[in-house]
Amino acid sequence: ALQVKPRVSQTLIMRGFATRWLLLVALSGAGVVLSSSGCAAERAGRLINEAGNKHLAGDQEGALRLYEEAARIDPTQPAAPYGKGLALRAMGRTGEAMDAFRESIRIDPRFRYAYTELARTQVERKLQREAIETLERGRRAIPSDGEIQVQLEHLKGLPFAETAK
């Protein structure tokens, strides 16, 4: 039998590693790696970690269900709506993804990953001015965060295109 091996570019491989690394860093930064105190927080943390694995494996529906369950169990956890936003965006549901990232920011205004992913989603929808405003809010909330500053400076250097999809 003829076996066809798919070609995967080095860029896609590196992007996959970067995505996996950023997701794990963001989730651990939110304190969900089972170090949370309390039974509900621990259950939510386990669900968020499991959802992250599903997300990275391409099972966005499964990840979405687990992120939503984690949010019900521990509504104080910013990683649940953040992960939900990642899954929704991967499914092409960018409007809902932006709402989820905003919810993550509402829960924890110092959760930088929600600002950067909200801004990224806004740029994807050609909402560059809104993305700049999002990053400026993030910079005010977390003035010491160099990544937000770098993304803000980069975005301000791009031409504006303000039509939403």
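Residues numbered from 1 in each chain as written. Predicted model: local features only at pLDDT ≥ 70, side-chain atom pairs only at ≥ 80, totals over all residues. Heavy atoms only, no water.

Is there a simple way to explain the nonpolar core in this structure?
If you look at the biggest cluster of nonpolar residues, it comprises 34 residues, and the most contacted ones within it are Ile48, Ala70, Tyr82, Phe101 and Leu135. Looking at this core, the elements that each hand over two or more residues are α2 (39-57), α3 (60-73), α4 (79-90), α5 (94-107), α6 (112-124), α7 (128-141) and α8 (146-156). In terms of residues, this core owes the most to one element, α4, which gives six residues. Apart from residues lying up to four places away in sequence, Phe101 is in contact with Pro81, Tyr82, Gly85, Leu86, Arg89, Ala114, Glu117, Leu118 and Thr121. (Core = buried A, V, L, I, M, F, W, Y, C linked by side-chain atoms within 4.5 Å. Buried < 20%, exposed > 50% of the residue type's maximum accessible area, 1.4 Å probe, protein only. Helix = DSSP H or I, 4+ residues; strand = E, 2+ residues; numbered from the N terminus. Contact = heavy atoms within 4.5 Å.)

Please clarify how unusual backbone geometry should be interpreted in this entry.
Leaving glycine aside, a negative phi is the common case for residues, and trans is the common case for peptide bonds. Positive phi outside glycine occurs at Lys126, with the angle close to 65°. Inspection of the secondary structure puts Lys126 in the loop between α6 and α7.

Explain the environment of Leu56 here, please?
Along the chain, Leu56 falls in helix α2. The sequence separation of Leu56 and Ala87 amounts to 31 residues, and the corresponding C-alpha distance is 9.4 Å.

What is the right way to read the packing of α4 against α6 from this model?
To characterise two packed helices, one gives the angle between the axes of the helices and the distance between these axes. At their nearest, the axes of α4 and α6 sit 10 Å apart, and the two run at 20° to each other. The angle between α4 and α6 places the two elements in the roughly parallel class. As α4 packs across α6, the resulting crossing turns out to be left-handed. Residues Tyr82, Leu86 and Arg89 of α4 form the contact with α6, whose participating residues are Tyr113, Ala114, Glu117, Arg120, Thr121 and Glu124. (Axes fitted to C-alpha atoms, helices over the stretch in contact; angles between N-to-C directions. Parallel < 35°, antiparallel > 145°, perpendicular 65-115°, else oblique. Left-handed = near helix turned anticlockwise from the far one by under 90°.)

Mind showing me how you'd approach the packing of α6 against α7 here?
Between α6 and α7, the least distance of the axes is 8 Å, while the angle of their chain directions is 170°. Relative to α7, the element α6 lies roughly antiparallel. Each of Tyr115, Thr116, Leu118, Ala119, Gln122 and Val123 in α6 lies in contact with α7, whose residues at this interface are Gln128, Glu130, Ala131, Thr134, Leu135, Arg137, Gly138 and Ala141. Residues that form the contact of α6 with α7 fall into these classes: seven nonpolar, five polar and two charged. (Nonpolar A, V, L, I, M, F, W, Y, C, P; charged D, E, K, R; others polar.)

Help me understand the packing of aromatic side chains in this model?
The description of an aromatic ring pair rests on the distance of the ring centres and on the angle between the ring planes. Scanning all chains against the criterion turns up four aromatic pairs. On the basis of an interplanar angle of 55° and a centroid distance of 6.0 Å, the ring pair of Tyr82 and Phe101 is categorised as tilted. Taken as a pair, Tyr82 in helix α4 and Phe101 in helix α5 lie far apart in primary sequence, 19 residues in all. Here Tyr82 falls in the buried class, since its relative accessible area comes to 2%. When the centroid spacing of 5.3 Å and the interplanar angle of 85° are considered together, the rings of Tyr82 and Phe111 count as edge-to-face. Here Tyr82, found in helix α4, pairs with Phe111, found in the loop between α5 and α6; they are 29 residues apart in sequence, far enough to count as distant. The rings of Tyr82, Phe101, Phe111 and Tyr113 are connected pair by pair, giving a single aromatic cluster. (Phe/Tyr/Trp six-rings, centres within 6.5 Å; stacked < 30°, edge-to-face > 60°.)

Would you explain the layout of surface pockets in this entry?
Empty space left among the atoms is revealed by rolling a probe the size of a water molecule over them. The calculated volume of the second largest pocket comes to roughly 170 Å³. Along its surface, the second largest pocket is lined by 13 residues, and Ala71, Pro81, Lys84, Ala100 and Glu103 are the ones closest to its centre. Of all the secondary-structure elements, those providing two or more residues to the lining of the second largest pocket are α3, α4 and α5. Among the elements that take part in the lining of the second largest pocket, α5 stands out by supplying six residues, more than any other. Residue composition of the lining of the second largest pocket, by class: six nonpolar, one polar and six charged. (1 Å grid on protein atoms, 1.4 Å probe; cavity = no way out; pocket = protein on both sides within 12 Å on 5 of 7 lines; lining within 4 Å. Points joined across faces, edges and corners; volume = space filled by probe spheres on them.)

How do you make sense of the pattern of salt bridges when you look at a structure like this?
Pairs can form between side chains of opposite charge whenever their charged atoms are close. Applying the stated criterion across every chain, the model contains ten salt bridges. Salt-bridge contacts for Lys84 lead to Glu68; the nearest nitrogen and oxygen are separated by 3.6 Å. One end of the pair, Lys84, is in helix α4; the other, Glu68, is in helix α3, with 16 residues separating them in the sequence. Among the residues examined, Glu68 registers a relative accessible area of 28% and is labelled partly exposed. Here Arg120 makes a salt bridge to Glu117, at a shortest N to O gap of 3.5 Å. Placement of both Arg120 and Glu117 in helix α6 is noted, with a separation of three residues, approximately one turn of the helix. (Salt bridge = Lys/Arg side-chain N within 4 Å of Asp/Glu carboxyl O.)

It is worth stressing that arrangement in space is one thing and function is another; only the former is reported here.
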